[in-house]
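Commentary on secondary and tertiary structure
Now for the letters of each chain:
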Amino acid sequence: MSETKTYPACPKVSLIEGDGIGKEISAATLRAIEAAGGKFDWEPVTAGLTALETVHDPLPQATINSISTNGLALKGPLGTPIGGGFKSVNVTLRQHFDLYANVRPAKTLAGVPSRYDNVDVLLVRENTEGLYAGIEHYVGAGRSAAESIAIITKSSSQRVIVYAFEHARREGRKKVTCVHKANILKMSNGLFLDMFRQVAKEYPDIEADDMIVDATAMRMVTNPEWFDVVVTMNLFGDILSDLTAGLIGGLGVAPAANIGEGGYAIFEAVHGTAPDIAGQGIANPTGLMLSAAMLIDHVGQTEAAARLRKGIYAALADDATRTRDLGGNANTAQFTDGVIRFME
Ligand code: ATP
């Protein structure tokens, strides 16, 4: 699994700046990483609308080759071209590199307006199957019905559940909760739950329990502090990861990692390209910076990751350095200056 891979002191990483505000938040993030002492050899590549404009392909082969070779990428937000039958680049990358675990930490950030002050949930979403297997067809004459088939396999369930427990252990977390609907979807969700119970036996040091998805949705908004690590299938993970982002102040500050076999990993901000503010120098780079901190941890440069997080948390907590989307007055550069200053 990816956890056991060791990386060189200065790993080569494919860098996709992204569209819209991507350029601004990527530049800010690279400055902050360098100041934190993160050592990387960046290889800039393009994707999304930027690549479509320059090389007429939203996911150029050169970009795929770069990620294949490097195994690691940091990615700003990408726009999907409207019309022309283009598939989402994000989805294509996930499928191409079999990035089976989508990891979405949601931790309360002092200074960021939100309803709670004690959230620290790490959501691990199975990223490759379930209803997203894309097996759909119409049934009967005149499209009178449609059928979607959700695939759950033992092997994909096992690897994502193992990832969740390994991650929990590495971060010193206490509990992993499996979220499912096995009371109704007895075979597919039942299989996922069976795999969870099997894997959990290998981790006696970590508490394991399970919860039905509807009860989870309620408890997450009434008692979010109850959750520690959550592992779940694709569709539930999609919905609940936005819910957990909402608990800490929204998608603008949420980081994510997509993890594959053999150390393959793409780290990305969860928010979109924000075309309404692109080019104005006011975008908030927190989502991408926190994703970068996950990348830095992933390659074992844990001190640099801690420094980066310390700077980000302090800059968010200070009225003078918080960005406008969070009620502050700072622009991207002023926030980044603050992040760097607060690392010390
Ligand atoms: P896309 O089409 O790429 O999804 P969008 O504008 O529809 O773009 P988001 O990019 O997620 O969706 O933006 C939603 C709102 O949040 C916009 O008003 C945008 O300006 C704001 N926003 C999103 N990300 C940031 C950010 N990093 N900093 C500041 N504002 C942001």
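Here, every reference points to the structure presented above.
The following refers to the structure shown.

Calculation criteria
- Residues numbered from 1 in each chain as written.
- Predicted model: local features only at pLDDT ≥ 70, side-chain atom pairs only at ≥ 80, totals over all residues.
- Heavy atoms only, no water.
- Near = heavy atom within 4 Å.
- Polar contact = N/O pair within 3.5 Å; in protein donor to acceptor, adjacent residues only side chain to side chain.
- Areas by Shrake-Rupley, 256 points an atom, 1.4 Å probe, with all protein chains shown as cover.
- Nonpolar A, V, L, I, M, F, W, Y, C, P; charged D, E, K, R; others polar.
- Salt bridge = Lys/Arg side-chain N within 4 Å of Asp/Glu carboxyl O.
- Helix = DSSP H or I, 4+ residues; strand = E, 2+ residues; numbered from the N terminus.
- Buried < 20%, exposed > 50% of the residue type's maximum accessible area, 1.4 Å probe, protein only.
- Pairing = 2+ DSSP bridges.
- Axes fitted to C-alpha atoms, helices over the stretch in contact; angles between N-to-C directions.
- Contact = heavy atoms within 4.5 Å.

1. Considerations on the site of the ligand
- In the vicinity of the ligand, the contacting residues are Ile-21, His-271, Gly-272, Thr-273, Ala-274, Pro-275, Asp-276, Ile-277, Ala-283, Asn-284 and Asp-325.
- Measuring from an oxygen atom of the ligand, one finds a backbone N or O atom of Ala-274 at 2.8 Å.
- Here a nitrogen atom of the ligand and a backbone polar atom of Asn-284 are 2.8 Å apart.
- Look at the ligand: alone it shows 600 Å² of surface, and the protein chains cover 58% of it.
- Considered class by class, the residues forming the shell around the ligand number five nonpolar, four polar and two charged.

2. Let's talk about the pattern of salt bridges
- Scanning all chains against the criterion turns up 17 salt bridges.
- Close ionic contact of Glu-261 with Arg-159 constitutes a salt bridge, the shortest N to O distance being 3.0 Å. Here the residue Glu-261 occupies a position in the loop between strand S11 (255–259) and strand S12 (265–269), and Arg-159 occupies one in helix H5 (residues 154–170), the gap between them amounting to 102 residues.
- Relative accessible area serves as the criterion here: at 12%, Arg-159 is assigned to the buried category.

3. Observations regarding the sheet that holds strand S9 (residues 207–212)
- Judged by pairing direction, the sheet is mixed, and its 10 strands sit side by side in the order S2-S1-S3-S12-S11-S4-S5-S10-S8-S9 without closing on themselves. Since the sheet does not close on itself, it has two edges, and those belong to strand S2 (41–45) and S9, each with one partner. Across the sheet, the mean angle from the axis of one strand to that of its neighbour is 20 degrees, orientation sign disregarded.
- Looking at chain direction, strand S1 (residues 12–16) and S2 are connected through five bridges and run parallel. Paired with Val-13 across the two strands is Trp-42, which belongs to S2.
- Of the strands in this sheet, strand S5 (120–126), strand S8 (175–180), S9 and strand S10 (229–232) touch helix H7 (residues 213–222), which is tilted by about 105 degrees from S9.
- Seen against the sheet, helix H8 (residues 234–247) touches strand S4 (101–107), S5, S8 and S10 and runs at an angle of roughly 155 degrees to S5.

Geometry only, nothing functional implied.
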